[in-house]
Amino acid sequence: MTPALLIEEAQDRATRCMAAELCISLGGDVSALLAGLSQEDLLELMPSDLADREARIHAVWCARQVRHLWPAEHREALSSVLIVAWRHARGQASAGELLAADDAAADAWADADAAVDAAAWAVDAAAWAAAGDAWAAADAAVDAAAAAAIDQQQKRLIRRVCQLNHWSG
């Protein structure tokens, strides 16, 4: 198997990139070496700095796939954070850019955390209100059932007393 064929048959982008980097770094025909290896084995063969870089790039890619779920007010800031993360994975971001991106991400996280807390408290209050309403409704139903049972029992008792005293026909 040639390195080109190995790269073509790799199951995903990360594995293809790893196979290409390995073939380039080892030089020559390494198809016999790599032919029977799993993705995990390929990761173990890859130099750690390349594996770290690919992991960072993959993390940025994953985050970009769900950016439509981000709050609208934070999309621009988080997109610029991803750009800095991408540049950092490639060794092109400065320390100042990383710190600024970290601050922006922390601000977005704090805002989102506060929004989640507020939503959780609102849900909690709604649940307690619904539980209170359900409790009140159940209590009213029990009271009504008890009153109806008492009324029925009183009617039976009056009917029985009347029958015993021959007051009714």
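Residues numbered from 1 in each chain as written. Predicted model: local features only at pLDDT ≥ 70, side-chain atom pairs only at ≥ 80, totals over all residues. Heavy atoms only, no water.

Peer 1: What is the right way to read the pattern of salt bridges from this model?
Peer 2: Opposite charge on two side chains makes pairing possible when the charged atoms of those side chains draw close. Tallied over the full model, the rule gives two salt bridges. Measuring nitrogen to oxygen at the nearest pair gives 2.7 Å for the salt bridge that ties Arg87 to Glu97. Here the residue Arg87 occupies a position in helix 6 (residues 75-89), and Glu97 occupies one in helix 7 (residues 95-164), the gap between them amounting to ten residues. Residues Lys155 and Asp151 are paired through a salt bridge, measuring 3.6 Å at the closest nitrogen-oxygen approach. On the criterion of helical spacing, the pair formed by Lys155 and Asp151 is a turn pair, its members being four residues apart in helix 7. In this structure Lys155 comes out as partly exposed when scored by relative accessible area, which is 45%. (Salt bridge = Lys/Arg side-chain N within 4 Å of Asp/Glu carboxyl O. Helix = DSSP H or I, 4+ residues; strand = E, 2+ residues; numbered from the N terminus. Buried < 20%, exposed > 50% of the residue type's maximum accessible area, 1.4 Å probe, protein only.)

Peer 1: Looking at this structure, I do not really get the nonpolar core. What am I missing?
Peer 2: Burial of nonpolar side chains together is a common tendency in soluble globular proteins. Among the nonpolar cores identified, the biggest contains five residues, and these are Val60, Trp70, Leu78, Leu82 and Ala108. Setting aside its immediate chain neighbours within four residues, Trp70 contacts Ala63, Arg75, Leu78, Ser79 and Leu82. (Core = buried A, V, L, I, M, F, W, Y, C linked by side-chain atoms within 4.5 Å. Contact = heavy atoms within 4.5 Å.)

Peer 1: Any chance you could explain the packing of helix 6 against helix 7 here in plain terms?
Peer 2: For any two helices packed against each other, one specifies the crossing angle of their axes together with the interaxial distance. In the contact formed by helix 6 and helix 7, the axes pass within 9 Å of each other and the chain directions differ by 145°. The chirality of how helix 6 crosses helix 7 is left-handed. Contacts between helix 6 and helix 7 involve Leu78, Val81, Val84, Arg87 and His88 on the former and, on the latter, Glu97, Leu98, Ala101, Ala104, Ala105 and Ala108. When its residues are assigned to classes, the contact of helix 6 with helix 7 shows eight nonpolar, one polar and two charged. (Axes fitted to C-alpha atoms, helices over the stretch in contact; angles between N-to-C directions. Left-handed = near helix turned anticlockwise from the far one by under 90°. Nonpolar A, V, L, I, M, F, W, Y, C, P; charged D, E, K, R; others polar.)

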